[in-house]
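# Structural features, examined
Okay, here's what each chain looks like letter by letter:
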Amino acid sequence: MSPPGFLSAPPPPYPWPGQRPETPQETTTRLRPVPSRHQPFRVAAALACVVLGLGLIGGAATGSWLTGDSAAEPAARDTFATARGLWHNVPVDTLFPRTLAGDGAGPGGADREWTRIGVAPDSGCAGTLDPLLLGTLRPVGCVRVLRATYVDATSTSVTTVGLVFTQADALAMDTLRTRFRDENLGERADLMPRTFPVKGTVAGAFGDAQRASWTVNVLTEAPVVVFAVSGFADGRKVTAPQPVDKATAKGATTAPAQSGLGHEAKGIADRIERGLRKTVSARTATPQ
């Protein structure tokens, strides 16, 4: 993990293997050109050129925006470049807050609240993702996986949420999202994400057999795939896990649906996804 390390937040409520000390974030200063002390007419000529150049650039940018020319959208490229580096230059508490407020996120619009109980050291993709899921993501080039596990306020459910950072551009991410939708890949149990059990906590027994509901969302505005998988905190096995859409459907009577575990996975994934978008937007708008 490159400094400043991703896992740079203060210790969470419970220790976990691989915890690393916080590293001070480095800062840089942009170099600014020094005005020339030579003839004034050169300065005037230069200013005229700048004004003319800005006019031409502004006209070109406006034309590109009106015609929808994606090849001429540097902002989109900047957004992807910014998002691609978040896994190693953003503090853990930014991507995975210590607490999440789930206003209206529970069954029937009930409010929920979740507390982070463990963050996995950033890892490669092989071994962290199921081989079949990893193969499905191969066209976008999996680079790094970040994961954290949360528990609800009643300590009855646990949820692992993850961010898969890829090498892809906007077109490749859009293609993968389309494939997930058209082939219903998000509903396939053999593509279910893996859990991150946290020893010494209520999520200590949260393994593959305990997975109850899950979601996988391919973003198109950033090279990231967001996933979440939930289960019971008591370690009970689930024989018929359901994807979020089915587990949150009106009238569903399965164990994941009745226990609200579909809402848990969906609520946490949504809030981590929103936070990611907010972080990318802020860092794209502000020069780094």
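The rules behind the values
Residues numbered from 1 in each chain as written. Predicted model: local features only at pLDDT ≥ 70, side-chain atom pairs only at ≥ 80, totals over all residues. Heavy atoms only, no water. Salt bridge = Lys/Arg side-chain N within 4 Å of Asp/Glu carboxyl O. Helix = DSSP H or I, 4+ residues; strand = E, 2+ residues; numbered from the N terminus. Buried < 20%, exposed > 50% of the residue type's maximum accessible area, 1.4 Å probe, protein only. Polar contact = N/O pair within 3.5 Å; in protein donor to acceptor, adjacent residues only side chain to side chain. Expected span 1.5 Å × (residues − 1). Arc of directions from axis to C-beta. Disulfide = S-S within 2.5 Å. Phe/Tyr/Trp six-rings, centres within 6.5 Å; stacked < 30°, edge-to-face > 60°. Lys NZ or Arg CZ within 6 Å of the ring centre and 35° of its normal. Core = buried A, V, L, I, M, F, W, Y, C linked by side-chain atoms within 4.5 Å. Contact = heavy atoms within 4.5 Å. Pairing = 2+ DSSP bridges.

### Description of the pattern of salt bridges
Evaluation of the coordinates by the stated rule reveals 14 salt bridges. When the shortest N-O distance is used, the salt bridge between Arg277 and Glu273 registers 2.7 Å. Highlighted residues: Arg277 and Glu273, both in helix α9 (residues 261-285), separated by four residues, approximately one helical turn. Linked through salt bridges whose partners overlap, the residues forming this network are Asp93, Arg98 and Arg116.

### Considering the side chain of Asp122
The topology assignment puts Asp122 in the loop between β2 (112-119) and α5 (131-137). Given a relative accessible area of 6%, Asp122 falls into the buried group. In this structure the side chain of Asp122 is engaged in a polar contact, spanning 2.9 Å, whose partner is the side chain of Arg144.

### Some points on helix α6 (residues 170-182)
With 13 residues, α6 extends 18 Å between its outermost C-alpha atoms, agreeing within 8% with the 18 Å of an ideal straight helix rising 1.5 Å per residue. The complete set of buried residues in α6 reads Met173, Leu176 and Phe180. Angular distribution of buried residues about the axis of α6 spans 65°; they occupy a single face of the element. Relative to its buried face, α6 has exposed residues pointing more than 90 degrees away, namely Leu171, Arg181 and Asp182. Asn184 lies just past α6 and shows a positive phi near 55°.

### What to know about the state of the cysteines
Evaluation of the coordinates by the stated rule reveals one disulfide. Covalently, Cys125 is tied to Cys142 through a disulfide, its sulfur atoms 1.8 Å apart. Residues Cys125 and Cys142 are joined through a disulfide that is left-handed, its torsion about the S-S bond being -90°. In this pair, Cys125 sits in the loop between β2 and α5 while Cys142 sits in strand β3 (residues 142-152), placing the two residues 17 residues apart along the sequence.

### Regarding the packing of aromatic side chains
The final tally for this structure, using the stated rule, is zero aromatic pairs. We note Arg236 situated over the ring of Phe232; from NZ or CZ to the ring centre the distance is 4.0 Å.

### Focus on the nonpolar core
Residues Phe96, Tyr150, Val161, Leu163, Val224, Ile272 and Leu276 are the most contacted members of the largest nonpolar core, which totals 29 residues. Put simply, the parts of the chain that give this core at least two residues each are α3 (86-89), α4 (92-95), β2, β3, β4 (157-166), β6 (224-232) and α9. When residues in this core are grouped by element, the largest group, six residues, is from α9. Beyond its immediate stretch of four places on either side in the chain, Leu276 contacts Leu86, Leu95, Leu163, Leu219 and Val224.

### With respect to the pairing of strand β1 (residues 99-102)
Successive side chains on a regular strand alternate, one facing one side of the sheet and the next facing the other. Alternating positions in β1 separate cleanly, Leu100 and Gly102 being buried on one face and Thr99 and Ala101 remaining unburied on the opposite face. As paired strands, β1 and β2 are joined by four bridges and run antiparallel to one another. Within the sheet, the bridge partner assigned to Leu100 lies in β2 and is Trp114.

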